[in-house]
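# Residue-level structural notes
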Amino acid sequence: TIDFVLPELAEMFARLVVGAQICGGSSSADSKEWKEKVAKLDNELVLEVARSPEVSPARADDLSGLPPALVTTGACECLRDSQLELARRLEAAGVAVESHVYADM
């Protein structure tokens, strides 16, 4: 399977999502208490959330039913091919897609 997100970014994002759901809201995500709670989250739980289609729709087998998408990427970007593949998959699933590759990026 193609990984559309760098593992480090997926983990960071999942920690924030899981942290908000499990640790509860906070007046500031920068608070020491919130950061300590999020740091203690189980890695398996974090990775499970990061891999879920609800958090990362690109990982879903069926992309039909997703809202219209705008996919932008730079020609030299390391995730360019993954982003273009995602645009192709969305289009094949009947999702309205606008895709742009910027040469100077």
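Our subject in this report is the structure included herewith.

Scoring rules and cut-offs
- Residues numbered from 1 in each chain as written.
- Predicted model: local features only at pLDDT ≥ 70, side-chain atom pairs only at ≥ 80, totals over all residues.
- Heavy atoms only, no water.
- Helix = DSSP H or I, 4+ residues; strand = E, 2+ residues; numbered from the N terminus.
- Areas by Shrake-Rupley, 256 points an atom, 1.4 Å probe, with all protein chains shown as cover.
- Buried < 20%, exposed > 50% of the residue type's maximum accessible area, 1.4 Å probe, protein only.
- Pairing = 2+ DSSP bridges.
- Arc of directions from axis to C-beta.
- Core = buried A, V, L, I, M, F, W, Y, C linked by side-chain atoms within 4.5 Å.
- Patch = residues over 30% accessible without salt bridge, like charges linked within 9 Å, V, L, I, M, F, W, Y side chains within 5 Å.
- Salt bridge = Lys/Arg side-chain N within 4 Å of Asp/Glu carboxyl O.
- Polar contact = N/O pair within 3.5 Å; in protein donor to acceptor, adjacent residues only side chain to side chain.

## Concerning the overall build of the protein chain
Along the protein chain, the regular secondary structure elements total 4 helices and 2 strands. What you see in the protein chain, going N to C, is helices and strands ordered as α-α-α-β-α-β. Element-wise, carbon and sulfur atoms account for 55% of the exposed surface of the protein chain, whose accessible area totals about 7,100 Å².

## Let's talk about the environment of Ala20
Looking at the secondary structure, you find Ala20 in helix α1 (residues 7-22). By relative accessible area, Ala20 is classed as partly exposed at 45%. Sequence-wise, Ala20 and Val38 are 18 residues apart; in three dimensions their C-alpha atoms are separated by 8.6 Å.

## Digging into the pairing of strand β2 (residues 97-102)
Sheet topology note: the strand β1 (residues 69-74)/β2 ladder contains 6 bridges and is parallel. Within the sheet, the bridge partner assigned to Ala69 lies in β2 and is Val97.

## Things to note about helix α3 (residues 43-51)
Three or four residues apart is the spacing at which side chains of an α-helix point the same way, because the helix has 3.6 residues per turn. All of the buried residues in α3 are Val46, Val49 and Ala50. Each buried residue of α3 sits inside an arc of 100° when the element is viewed along its axis, so together they form one side. In α3, the exposed positions angled more than 90 degrees off the buried face are occupied by Glu44 and Glu48.

## Concerning the nonpolar core
Counting 9 residues, the largest nonpolar core consists of Ala14, Val17, Val18, Trp34, Val38, Leu41, Val46, Val49 and Ala50. Elements represented by at least two residues in this core include exactly α1, α2 (32-39) and α3. Within the second largest apolar cluster, 8 residues are counted, among which are Ala58, Ala60, Leu63 and Val71.

## Focus on a nonpolar patch on the surface
On the surface, Leu9, Met12 and Leu16 cluster together into a nonpolar patch covering about 280 Å² of accessible area. In this fold, Leu9 is placed in helix α1.

## Remarks on the pattern of salt bridges
Taken as a whole and judged by the stated rule, the model has 2 salt bridges. Linking Arg80 and Asp81 is a salt bridge whose minimum nitrogen-to-oxygen distance equals 3.0 Å. A relative accessible area of 29% means that Arg80 is categorised as partly exposed. Ionic pairing is found between Glu85 and Arg88, a salt bridge with its closest N-O pair at 3.4 Å. Of the two residues, Glu85 and Arg88 both sit in helix α4 (residues 80-92), 3 residues apart, roughly one turn of that helix.

## Quick notes on the side chain of Thr73
Within the element layout of this structure, Thr73 appears in strand β1. Within the local environment of Thr73, its side chain forms a polar contact with the side chain of Gln83, the two groups lying 2.4 Å apart.

## Things to note about the environment of Leu16
Examined against the element boundaries, Leu16 turns out to sit in helix α1. In this structure Leu16 comes out as partly exposed when scored by relative accessible area, which is 42%. Considered as a pair, Leu16 and Lys35 are 19 residues apart in the sequence and their alpha carbons are 9.6 Å apart.

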